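Close look at the chain arrangement
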Amino acid sequence: MDWPIAEVARMSGVTARTLRHYDETGLLPPARIGANGHRYYEEHQLLRLQQILVLRALGVGLPESGRILSEQVDEVDALQGHHQRLLAERDRLDVLAGTVSRTIAELEQSRKDGNHMTINRPENLFEGVTPSQYEDNMRDFPELAEEVARRAVTMSQADADTAHRERTAQMIRLAELMAAGHPADADPVQTEIDAQYRALTELRAVSTEEYRAIGRSIVDNETWRAAYEAIVPGLAAYQRDAIEAYATTRLS
């Protein structure tokens, strides 16, 4: 039995464009290409796609995923290894969620007291934080993801850590604005979104519709949404709505 690319996209949540990209790079060739030019996938390809998505969820880039898959022989052994890594990642996210929760609570308390937050142990801010593969969240935007990956190759570990922490800080700032009751189109929120958009366009030009699509992916992409929801429930939708407002008022 085989499935056309549209059906595989529906089942997996991966866009047909991304599946074509996986084929073009040799990561996931289809089982066959029909007379109509459409790609068709069999069970073996679906299992491989599952492994690709698991590796991506674990922060493994596409080139490294291809290398890992090419070296594998037994699928059960491979999935058992992925399972162990997923359990470890779950534990890391639990720690990260606790870290962010404590930070938010301390910030709220300091504001009630009318004082600036005192950080006695700065390292506590980053407990559970490890450099994430930002391009994983951009998997539905292959060209942008490739540019991010190219930049990442030239970055030192310290630079990668700094970039990751800044992205986490951006999410926390948005969470603070949301907790303070600012609507998604409020000026302070839009200032944050403007900074994010400008950083993105330093990589490559991003059209209005593509930026809107990125905003929607923050909610639709399970990995991306989970990162936001680990900060505070509702933050993913808040970011999406803020991007939509920004695209409408400043990019249209």
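Residues numbered from 1 in each chain as written. Predicted model: local features only at pLDDT ≥ 70, side-chain atom pairs only at ≥ 80, totals over all residues. Heavy atoms only, no water.

Counting its secondary structure elements, the chain contains 12 helices and 3 strands. When each of the 252 residues of the chain is scored for burial, the buried share is 39%. A separation threshold of at least 6 residues defines the contact pool for the chain, and within that pool the share at least 24 residues apart is 64%. For the chain, the accessible area works out to roughly 13800 Å², and carbon and sulfur atoms hold 52% of it. (Helix = DSSP H or I, 4+ residues; strand = E, 2+ residues; numbered from the N terminus. Buried < 20%, exposed > 50% of the residue type's maximum accessible area, 1.4 Å probe, protein only. Contact = heavy atoms within 4.5 Å. Areas by Shrake-Rupley, 256 points an atom, 1.4 Å probe, with all protein chains shown as cover.)

Chain-level pLDDT for the chain is 78 on average; 75% of the residues reach the 70-or-more range. When pLDDT is averaged over each helix and strand of the chain, the minimum, 48, is found for helix H6 (residues 134–137) and the maximum, 96, for strand E2 (residues 32–33). Note that residues 117–135 has pLDDT below 50 and, in this model, 41 contacts with residues that lie over four places away or in other chains. (pLDDT = per-residue confidence, 0-100.)

A few words on the packing of aromatic side chains. Per the stated rule, a full pass over the model turns up 3 aromatic pairs. For the pair tyrosine 197 and tyrosine 246, a centre-to-centre distance of 5.5 Å together with 50 degrees between the ring planes defines the contact as tilted. Of this pair, tyrosine 197 sits in helix H9 (residues 187–201) while tyrosine 246 is found in helix H12 (residues 235–251), placing the two residues 49 residues apart along the sequence. The pair tyrosine 197 / tyrosine 246 is uniform in exposure class, with both members buried. Lying across the ring of tyrosine 40, arginine 32 places its NZ or CZ 4.2 Å from the centre. (Phe/Tyr/Trp six-rings, centres within 6.5 Å; stacked < 30°, edge-to-face > 60°. Lys NZ or Arg CZ within 6 Å of the ring centre and 35° of its normal.)

Our focus in this paragraph is the packing of helix H10 (residues 208–220) against helix H11 (residues 222–231). Two elements in contact, H10 and H11, have axes whose closest approach is 6 Å; the angle formed by their N-to-C orientations is 75 degrees. Compared by their axis directions, H10 and H11 come out roughly perpendicular. Residue-level inspection shows Ile214, Ser217, Ile218, Val219 and Asp220 of H10 in contact with H11, the latter providing Glu222, Trp224, Arg225 and Tyr228. Its residues assigned to classes, the contact of H10 with H11 comprises 5 nonpolar, 1 polar and 3 charged. (Axes fitted to C-alpha atoms, helices over the stretch in contact; angles between N-to-C directions. Parallel < 35°, antiparallel > 145°, perpendicular 65-115°, else oblique. Nonpolar A, V, L, I, M, F, W, Y, C, P; charged D, E, K, R; others polar.)

Strand order in the open sheet formed by 3 strands is E1-E3-E2, with antiparallel pairing between adjacent strands. The open sheet has two edge strands with one neighbour each: strand E1 (3–4) and E2. Note: E2 against strand E3 (residues 39–41), 2 bridges, orientation antiparallel. Looking across to E3, one finds that isoleucine 33 is bridged to arginine 39. (Pairing = 2+ DSSP bridges.)

With that out of the way, let us pick up the environment of arginine 225. Structurally, the position occupied by arginine 225 is in helix H11. Residue class for arginine 225 comes out partly exposed when judged on its relative accessible area of 31%. Separated by 11 residues in sequence, arginine 225 and alanine 236 place their C-alpha atoms 5.7 Å apart. In this structure arginine 225 touches Ile218, Val219, Asp220 and Ala236, once residues within four positions along its chain are discounted.

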